[in-house]
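Fold and geometry: a report
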Amino acid sequence: MSRKCSVHLSLDERMEVDCSQGEPATIPSFEEDCVELGDGKDMRLEAEAVVNDVLFAVAEMFVSQKLDNALDVAYINVETREGNRYCLELTEAGLRVVGYAFDQVDDALSTQYHETVYSLLDSLSPGYREAFGNALLQRLERLKQNGQ
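Attention here is on the structure that accompanies the text. Being a predicted model, the structure only gives us computed values, none of them experimental.

With that out of the way, let us pick up the sheet that holds strand 4 (residues 74-79). Taking strand neighbours across the sheet as the criterion, the 4 strands line up as 3-4-5-6 in an open arrangement whose pairing is antiparallel. Single-partner strands in this sheet number two, and they are strand 3 (60-63) and strand 6 (94-99). Sheet twist, expressed as the mean angle between neighbouring strand axes with direction ignored, is 25°. Bridge count between strand 5 (residues 85-91) and strand 6: 5 bridges; the pairing is antiparallel. When the sheet's bridge partners are listed, leucine 90 is paired in strand 6 with leucine 95. The strands touched by helix 3 (residues 117-124) within the sheet are strand 3, strand 4, strand 5 and strand 6, with strand 6 carrying the most contacts at an inclination of about 40°.

Next up, the structure:
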């Protein structure tokens, strides 16, 4: 299973990095930076990393303080650049929309899991795609200017 990750990166470095198992990573992955508890990761810590990773490309994003976050599940509130609000569930299975307002979980919703926050936001927000693309172009321009 491949996991997209980037933790503790500057705004310039917050690009999608494929940290596939079995392949050497060129930057530390979240897997290396988080606390392992038993057989799984602490989803609360992973949720904070997710928020920090894509905050530059959304209007607002934070880990819910009202919903019960646990070792195996965390909830993230996000407002896209278009003004749409979502409550996301993060588990080992991935991320999915569980509500269409902050701190709202609708058990009747049966939405698709996304392996990465990038994939989920790409499906929800043209503004996210544009911000991510612009950040990538700026990074490439800086690399070109530095002769790399």
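That was the structure; now back to the text.
The next point concerns the packing of helix 3 against helix 4 (residues 126-145). The interhelical angle for the contact between helix 3 and helix 4, taken along N-to-C directions, is 125°, at an axis separation of 5 Å. Considering their axes alone, helix 3 and helix 4 lie oblique with respect to each other. Note on element contacts: helix 4 touches helix 3 through Pro126, Tyr128, Arg129 and Phe132, opposite Tyr118, Leu121, Asp122, Ser123 and Leu124. Partitioned by chemical class, the residues of the contact of helix 3 with helix 4 number 6 nonpolar, 1 polar and 2 charged.

This part covers the environment of aspartate 72. Within the secondary structure, aspartate 72 is located in the loop between strand 3 and strand 4. Judged by its relative accessible area of 54%, aspartate 72 is exposed. Considered as a pair, aspartate 72 and leucine 90 are 18 residues apart in the sequence and their alpha carbons are 8.3 Å apart. Ignoring sequence-local partners within four residues, the contact set of aspartate 72 consists of Met43, Leu90 and Thr91.

The rules we used
- Residue indices follow the written sequence of each chain, beginning from 1 at its first position.
- It should be noted that, the model being predicted, local features are given only for residues of pLDDT at least 70 and side-chain atom pairs only at 80 or more, the latter also being counted only at that level, while totals for whole chains, interfaces and linings use all residues.
- Only hydrogens and water are set aside when side-chain values are computed; all heavy atoms of the structure are taken into account.
- Note on pairing: DSSP must find at least two bridges between two strands before they are called paired.
- Only runs of H or I of at least four residues qualify as helices and only runs of E of at least two qualify as strands under DSSP, and these elements are numbered from the N terminus.
- The axes are straight lines fitted to the C-alpha atoms, using for helices just the contacting stretch, and the angles between their N-to-C directions are given from 0 to 180°.
- Contact criterion: two residues are considered in contact whenever any of their non-hydrogen atoms come within 4.5 Å of each other.
- Here the word oblique covers every angle except those under 35 degrees (roughly parallel), over 145 (roughly antiparallel) and from 65 to 115 (roughly perpendicular).
- For this classification, Asp, Glu, Lys and Arg are treated as charged, while Ala, Val, Leu, Ile, Met, Phe, Trp, Tyr, Cys and Pro are nonpolar and the rest, including Gly, are polar.
- Under the scheme applied here, a residue whose accessible area is under 20% of the maximum for its type counts as buried, over 50% as exposed, and between as partly exposed, the area being computed with a 1.4 Å probe on protein chains only.

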